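Fold and contact review
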Amino acid sequence: MALGSFSLALFLFLSVDSDSGYTSASAASSGKEGVEISYGSAIKLMHEKTKFRLHSHDVPYGSGSGQQSVTGFPGVVDSNSYWIVKPVPGTTAKQGDAVKSGATIRLQHMKTRKWLHSHLHASPISGNLEVSCFGDDSSSDTGDHWKLVIEGSGKTWRQDQRVRLHHIDTSGYLHSHDKKYQRIAGGQQEVNTHA
């Protein structure tokens, strides 16, 4: 059973914009060590299997929570796919500190300033748990808390590493698949949490 949930989990590659432009996964395959990710980093997350990026926009779900929708987006160049890595309130972590495996983090959507969030509402396509964006700079709750799990031997989050995001409240993992929306976000994939 553990293998089944492992294969269903969302594996993400991290892509960071640099002064020279978009840095792709090719840096990892060329043997270079990736950039260390710290609190305050602006990142893009890519689903390993489908190559779609974690994405949000100021469009609410038409069912479930009615909160801001989160999808997988096929395009590489898109301003709605940036997320800022933030610590959870009440920790000693501060901007500039490296993000370690096992850390509980929050991801803030750069454009709308809302937090990557999950809860017990059913997701629109698969019926798993909905992932949305919720709150703002001054409003966040435990539904925004995600545990960073780095795949492999790394202890500090680096560019192009495989990671999993485990939702603290629901115990599900951030997940996607090739099922796409037909209306409103046509061609974009559903993102959800899955146990």
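As a reminder, the structure under discussion sits directly above these lines.
My aim in this report is to walk through the structure given alongside it, one point at a time. Keep in mind the model is a prediction, meaning the values are calculated, not measured. (Residues numbered from 1 in each chain as written. Predicted model: local features only at pLDDT ≥ 70, side-chain atom pairs only at ≥ 80, totals over all residues. Heavy atoms only, no water.)

Some details on the overall build of the protein chain
To be explicit about the condition: Numbering goes from the N terminus for both helices and strands, where a helix is a DSSP run of H or I of at least four residues and a strand is a run of E of at least two. The contact criterion used is simple: two residues touch if any of their non-hydrogen atoms lie within 4.5 Å. Accessibility throughout is a Shrake-Rupley quantity obtained with a 1.4 Å probe, and a residue counts as covered only by protein chains that appear here.
Looking only at helices and strands, the protein chain features 2 helices and 14 strands. Nonlocal contacts in the protein chain, meaning residues at least 24 apart in sequence, comprise 62% of its contacts between residues at least 6 apart. Surface accessibility of the protein chain: about 9,200 Å² in total, with carbon and sulfur atoms responsible for 53%.

Description of the packing of aromatic side chains
Keep this limit in mind: Only the six-membered ring of Trp is used, alongside the rings of Phe and Tyr, when aromatic pairs are assigned; centres must lie within 6.5 Å, and planes under 30 degrees apart are stacked while those over 60 apart are edge-to-face, with the rest tilted. Whether a charge lies above a ring is judged from NZ of Lys or CZ of Arg, which has to be within 6 Å of the ring centre and within 35 degrees of the ring normal.
Evaluated as defined, the whole model comprises 0 aromatic pairs. The ring of Trp115 is capped by Arg106, whose NZ or CZ atom sits 3.9 Å from the centre of that ring. Seen from the ring of Tyr173, Arg164 lies directly overhead, with NZ or CZ sitting 3.9 Å from the centre.

Here we look at the environment of Thr91
How we decide: Counted as a polar contact is a pair of N or O atoms within 3.5 Å, where, for protein atoms, one must be capable of donating a hydrogen and the other of accepting one, and residues adjacent in sequence contribute only when both atoms are in side chains.
With respect to the helices and strands, the residue Thr91 is situated in the loop between strand E7 (83-87) and strand E8 (104-109). Here the side chain of Thr91 touches Val88 through a polar contact of 3.0 Å, landing on its backbone oxygen.

Section: the pattern of salt bridges
This is how the line gets drawn: A pair is scored as a salt bridge if a Lys or Arg side-chain nitrogen falls within 4 Å of a carboxyl oxygen belonging to Asp or Glu. Here's how the labels work: a residue is buried when its accessible area is under 20% of the maximum for its type, exposed when over 50%, partly exposed in between, all with a 1.4 Å probe on protein chains only.
Going through the model one piece at a time under the given rule, you end up with 4 salt bridges. Where Glu48 meets Arg162, a salt bridge forms, and the shortest distance between an N and an O atom there is 3.7 Å. With Glu48 in the loop between strand E4 (42-47) and strand E5 (53-60) and Arg162 in the loop between strand E11 (146-150) and strand E12 (163-167), this residue pair connects regions lying 114 residues apart in the sequence. The class for Arg162 is partly exposed, based on a relative accessible area of 30%. Linking Arg113 and Asp137 is a salt bridge whose minimum nitrogen-to-oxygen distance equals 3.2 Å. Of this pair, Arg113 sits in the loop between E8 and strand E9 (115-122) while Asp137 sits in the loop between strand E10 (129-134) and E11, placing them 24 residues apart in sequence.

Observations concerning the environment of Arg164
As for its placement among the helices and strands, Arg164 is situated in strand E12. When its relative accessible area of 7% is taken as the criterion, Arg164 is described as buried. Spatially, the C-alpha atom of Arg164 lies 5.0 Å from that of Val149, the residues being 15 residues apart in sequence.

Focus: the nonpolar core
Formally: Here, nonpolar core means buried Ala, Val, Leu, Ile, Met, Phe, Trp, Tyr and Cys residues that are tied together by side-chain atoms lying within 4.5 Å of each other.
With 26 residues, the main nonpolar core has Val85, Ile105, Leu107, Leu116 and Trp157 as its most contacted residues. Of all the secondary-structure elements, those providing two or more residues to this core are E4, E7, E8, E10, E11 and E12.

Some remarks on the side chain of Glu130
Put simply, the rule is: Positive charges are assigned to Lys and Arg, negative charges to Asp and Glu, while His and the chain termini are left out of the count.
Within the secondary structure layout, Glu130 lies in strand E10. Buried within the structure, Glu130 lacks any salt-bridge partner; Lys114 is the closest side chain of opposite charge, at an N-O distance of 12 Å. A distance of 2.6 Å separates a polar atom in the side chain of Glu130 from a polar atom in the side chain of His119. The contact partners of Glu130, leaving out residues within four places of it in the chain, are Tyr61, Ser63, Gly64, Ser65, His117, Ser118, His119, His121, Ala122 and Ser123.

Some thoughts on unusual backbone geometry
Of note in this structure, Lys51 is not a glycine but carries a positive phi near 70 degrees. Positive phi outside glycine occurs at Asp160, with the angle close to 70 degrees. Locating Asp160 in the fold gives a position in the loop between E11 and E12.

Regarding the environment of Pro74
Relative to the elements of secondary structure, Pro74 occurs in the loop between strand E6 (68-73) and E7. On the basis of relative accessible area, Pro74 is assigned to the partly exposed category, the value being 43%. Note: C-alpha distance between Pro74 and His55 (19 residues apart in sequence) is 9.4 Å.

A few points about the pairing of E11
Cut-off, in case you're wondering: In this analysis, strands are considered paired if DSSP registers two or more bridges between them.
Because side chains alternate across E11, one face comprises the buried residues Trp146, Leu148 and Ile150, and the other comprises Lys147 and Val149, none of which is buried. Where E11 lies against E12, 5 bridges are found, and the strand directions are antiparallel. Each residue of the ladder has a partner; that of Leu148, found in E12, is Leu165.

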